[in-house]
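# Structure at a glance
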Amino acid sequence: LSPQRVFFATPVWMGGANNHNRINLTLHESDDGGRSWRRLALVYDGLGAYSDMVWLPERGGVGVLFERGEPGRHGMDYVAVSFAVVPIGNASTTT
């Protein structure tokens, strides 16, 4: 990976200003050290909150560990921690 290539995972807010649900956890990529970003892949299409990532050169992608939830009595109930691997195009096998 180029030192200028940076990844960031965050929920993409949907449903307007009054919807505070963290949904559609999405992986974003920057090729210029974080000056600009593009959406790379949808990691999870439900409720998703805090996350952490790891580069997996042997798998050619980014591993994302994240809180997964479902609608509950109080809006959002986070019920599990999940792991997903997102393949990355042109991934180098060296770090």
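Nothing here was measured: the structure is a model prediction, and the numbers come from that model.

### Focus: the side chain of Arg 5
- If you trace the backbone, Arg 5 turns up in the segment before strand 1 (6-11).
- Arg 5 sits in the buried class, given a relative accessible area of 18%.
- Here Glu 29 takes part through its side chain, which lies 2.5 Å from a polar atom of the side chain of Arg 5.

### Brief notes about the environment of Ser 51
- On the secondary structure map, Ser 51 appears in strand 3 (residues 38-56).
- For the pair Ser 51 and Pro 11, spaced 40 residues apart in the sequence, the C-alpha separation amounts to 9.7 Å.
- If we ignore the near neighbours within four places in the chain, the residues touching Ser 51 are Ala 9, Val 64, Leu 65 and Phe 66.

### With respect to the nonpolar core
- The biggest cluster of nonpolar side chains holds 12 residues, and these are Phe 7, Ala 9, Leu 25, Leu 27, Val 43, Trp 55, Val 62, Val 64, Phe 66, Ala 84, Val 86 and Ile 88.
- Looking at this core, the element that brings in the most residues is strand 4 (residues 61-72), giving 3 residues.
- Those residues in contact with Val 86 that lie beyond four places of it in its chain are Leu 27, Ala 41, Val 43, Gly 61, Val 62 and Val 64.

### Things to note about the pairing of strand 2 (residues 23-30)
- Most of strand 2 is tucked away: 8 of the 8 residues are buried.
- As defined by bridge partners, strand 1 adjoins strand 2 across 6 bridges and the pair is classed as antiparallel. When the bridges of strand 2 are listed, Thr 10 appears paired with Thr 26.

### Details of the environment of Gly 46
- Mapped onto the elements, Gly 46 comes out in strand 3.
- Distance in space between the C-alpha atoms of Gly 46 and Gly 69 is 7.1 Å, their sequence separation being 23 residues.
- With residues up to four places along the chain from it excluded, the contact list for Gly 46 reads Arg 22, Ile 23, Asn 24 and Leu 25.

### Notes on the packing of aromatic side chains
- In total, this model carries 2 aromatic pairs according to the counting rule given.
- For the ring pair Phe 8 and Trp 37, a centre distance of 5.9 Å and an interplane angle of 55° mean the geometry is tilted. A residue pair is termed long-range when its members are at least 10 positions apart, and Phe 8 in strand 1 and Trp 37 in the loop between strand 2 and strand 3 qualify at 29 residues.
- On the basis of relative accessible area, Phe 8 is assigned to the partly exposed category, the value being 42%.
- For the ring pair Tyr 44 and Phe 66, a centre distance of 5.5 Å and an interplane angle of 40° mean the geometry is tilted. Here Phe 66 lies in strand 4 and Tyr 44 lies in strand 3, a separation of 22 residues in the sequence.
- Accessibility expressed as a relative area gives 4% for Phe 66, which makes it buried.
- Above the ring of Tyr 50, the side-chain terminus of Arg 22 is found at 5.4 Å from the ring centroid.

Rules used in this analysis
- Residues numbered from 1 in each chain as written.
- Predicted model: local features only at pLDDT ≥ 70, side-chain atom pairs only at ≥ 80, totals over all residues.
- Heavy atoms only, no water.
- Helix = DSSP H or I, 4+ residues; strand = E, 2+ residues; numbered from the N terminus.
- Buried < 20%, exposed > 50% of the residue type's maximum accessible area, 1.4 Å probe, protein only.
- Polar contact = N/O pair within 3.5 Å; in protein donor to acceptor, adjacent residues only side chain to side chain.
- Contact = heavy atoms within 4.5 Å.
- Core = buried A, V, L, I, M, F, W, Y, C linked by side-chain atoms within 4.5 Å.
- Pairing = 2+ DSSP bridges.
- Phe/Tyr/Trp six-rings, centres within 6.5 Å; stacked < 30°, edge-to-face > 60°.
- Lys NZ or Arg CZ within 6 Å of the ring centre and 35° of its normal.

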